[in-house]
Amino acid sequence: MILKKLESIKTIKPFDCGDSDLNGFLLDDSRNYHQQFLAHTYIIENEFLTIGYFSLLTDKISKSDLDKNLWRKLRKDIPHEKHYDSYPAIKIGRLAISSHFKGMGIGTNVLNAIKMRLSANEEYAACRFLTVDAYKEAVDYYLKNRFLPLLKEPPQNSHTVPMYFDLKKAMFK
Amino acid sequence: MARPIAETPILFGEDAERFTYEMNHVVPVPKEELERYEKSYEWLKSIADFDI
């Protein structure tokens, strides 16, 4: 088993996690995200197959003390005015494990490793939160891994749920 | 083409209040869990063909 950066791989080995959208992101879109500097993708593979992958990008969590409707109005009138507070984050854009390797704890190990790497990160830019664009089927999994939903009621038409983990939780020793 | 990675929404009202509360009342993960994080990180480093 080896972890590689997407850009070091010429041909992505076969991958099927059971979800066509997650398969499609890796096989069709991940290189474009990388080339456009939108997300970096990391691939775990063996000699024959892609075992799993995850894509990371920078993010932020913003909150406003204003009412949502008032904020919309103000933003329209004064587009450059800042009406909210923002906190730095890293987002897991996508994380998927092949169906052949599910139940082995690989995804949880990846998640834990990312938490550790970011909470121990003192040499570069600061980052307080780990966010995730979680597929609805994976919400319980992320809850089990101490992520919290950002919204009480996620948008109805969305196929994903925005969630976050406070990295400060892992900074105590 | 797969669906794009969604934007993280701006929080308002109750969502913003809940987020602020959680941010100001951080409960550290148990020591055993932190040790699992460290082990996972060591595992990921051990299989990486680049410096993490």
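Residues numbered from 1 in each chain as written. Chains lettered and ligands numbered in written order. Predicted model: local features only at pLDDT ≥ 70, side-chain atom pairs only at ≥ 80, totals over all residues. Heavy atoms only, no water.

Enquirer: How should I be thinking about the pattern of salt bridges in this particular structure?
Expert: Side-chain pairs of opposite charge can arise whenever the charged atoms involved come near each other. All names here are of chain A. Within the structure shown, the criterion is met by ten salt bridges over all chains. Residues R94 and D133 are paired through a salt bridge, measuring 3.0 Å at the closest nitrogen-oxygen approach. In this pair, R94 sits in strand β4 (residues 85-97) while D133 sits in strand β5 (residues 129-135), placing the two residues 39 residues apart along the sequence. Overall, R94 belongs to the buried group, its relative accessible area being 1%. When its relative accessible area of 5% is taken as the criterion, D133 is described as buried. The structure contains a network of salt bridges with shared partners spanning K4, K13 and E45. (Salt bridge = Lys/Arg side-chain N within 4 Å of Asp/Glu carboxyl O. Helix = DSSP H or I, 4+ residues; strand = E, 2+ residues; numbered from the N terminus. Buried < 20%, exposed > 50% of the residue type's maximum accessible area, 1.4 Å probe, protein only.)

Enquirer: Is there a simple way to think about the interface of chain B and chain A in this case?
Expert: How big an interface is tends to be reported as the loss of accessible area on association of its parts. Across the boundary between the two partners, chain B contributes 40 residues, which contact 61 residues of chain A. Surface buried jointly by chain B and chain A totals about 4,500 Å² across both partners, of which 66% is contributed by carbon and sulfur atoms. Connecting chain B to chain A are three salt bridges. Note that B:E14 and A:K152 form a salt bridge whose closest N and O atoms lie 3.2 Å from each other. Between chain B and chain A we count 22 residue pairs in polar contact (both at pLDDT 80 or more) in total. Among the residues making up the side of chain B that touches chain A, the classes are represented as 26 nonpolar, four polar and ten charged. (Contact = heavy atoms within 4.5 Å. Buried area = accessible area lost by both parts, 1.4 Å probe. Polar contact = N/O pair within 3.5 Å; in protein donor to acceptor, adjacent residues only side chain to side chain. Nonpolar A, V, L, I, M, F, W, Y, C, P; charged D, E, K, R; others polar.)

Enquirer: Is there a simple way to think about helix α1 (residues 20-35) of chain A in this case?
Expert: Because the α-helix completes a turn every 3.6 residues, residues three or four places apart line up on one side. Residues and elements named next belong to chain A. Over its 16 residues, α1 extends 22 Å from the first C-alpha to the last, a length consistent with the 22 Å expected when each residue adds 1.5 Å. Remark: the principal bend of α1, roughly 60 degrees, maps to D29. The inward-facing, buried residues of α1 contact β2 (40-45), β3 (50-63), β4 and β5. Residue D19 occupies the N-cap position of α1, its side-chain oxygen lying 2.8 Å from the main-chain nitrogen of D21. Once α1 finishes, F37 follows within two positions and takes phi at roughly 60 degrees, a positive value. (Expected span 1.5 Å × (residues − 1). Bend = angle between axes of the 7 residues up to and from the residue.)

Enquirer: Looking at this model, I keep getting lost on the environment of A:K136. Mind explaining?
Expert: All names here are of chain A. In this fold, K136 is placed in the loop between β5 and α4 (139-144). Separated by 22 residues in sequence, K136 and S158 have C-alpha atoms that sit 9.0 Å apart. In this view, K136 contacts P155, Q156, S158, H159, T160 and V161; residues no more than four positions away in its chain are not counted. Separated by 2.7 Å, the side chain of K136 and the backbone oxygen of S158 make a polar contact.

Enquirer: I would appreciate a short explanation of the side chain of B:E33 in the present structure.
Expert: Secondary-structure assignment places B:E33 in helix α2 (residues 31-47). The class for B:E33 is buried, based on a relative accessible area of 10%.

Enquirer: Please explain the nonpolar core as it appears in this structure.
Expert: Nonpolar side chains tend toward joint burial in soluble globular proteins. With 38 residues, the main nonpolar core has A:L3, A:F54 and A:L130 as its most contacted residues. Elements that contribute at least two residues to this core include exactly β2, β3, β4, α3 (106-119), β5, α4 and β7 (160-166) of chain A together with α2 of chain B. The element contributing the most residues to this core is α3(A), with seven residues. Contacts of A:F54, omitting those with residues within four sequence positions, involve A:L3, A:H40, A:T41, A:Y42, A:R94, A:L95, A:V110, A:I114 and B:L44. A:I12, A:F15, A:Y33 and B:A2 belong to the second-largest nonpolar core, a separate cluster that totals 17 residues. (Core = buried A, V, L, I, M, F, W, Y, C linked by side-chain atoms within 4.5 Å.)

Enquirer: Help me understand unusual backbone geometry in this model?
Expert: What is expected of a backbone is that most residues other than glycine have negative phi and most peptide bonds are trans. Residue and element names in this part refer to chain A. Phi is positive for F37, close to 60 degrees, though the residue is something other than glycine. Given a relative accessible area of 75%, F37 falls into the exposed group. The phi torsion at R146 lies on the positive side, around 70 degrees, for a residue other than glycine. By the element assignment, R146 lies in the loop between α4 and β6 (148-149). On the basis of relative accessible area, R146 is assigned to the partly exposed category, the value being 34%.

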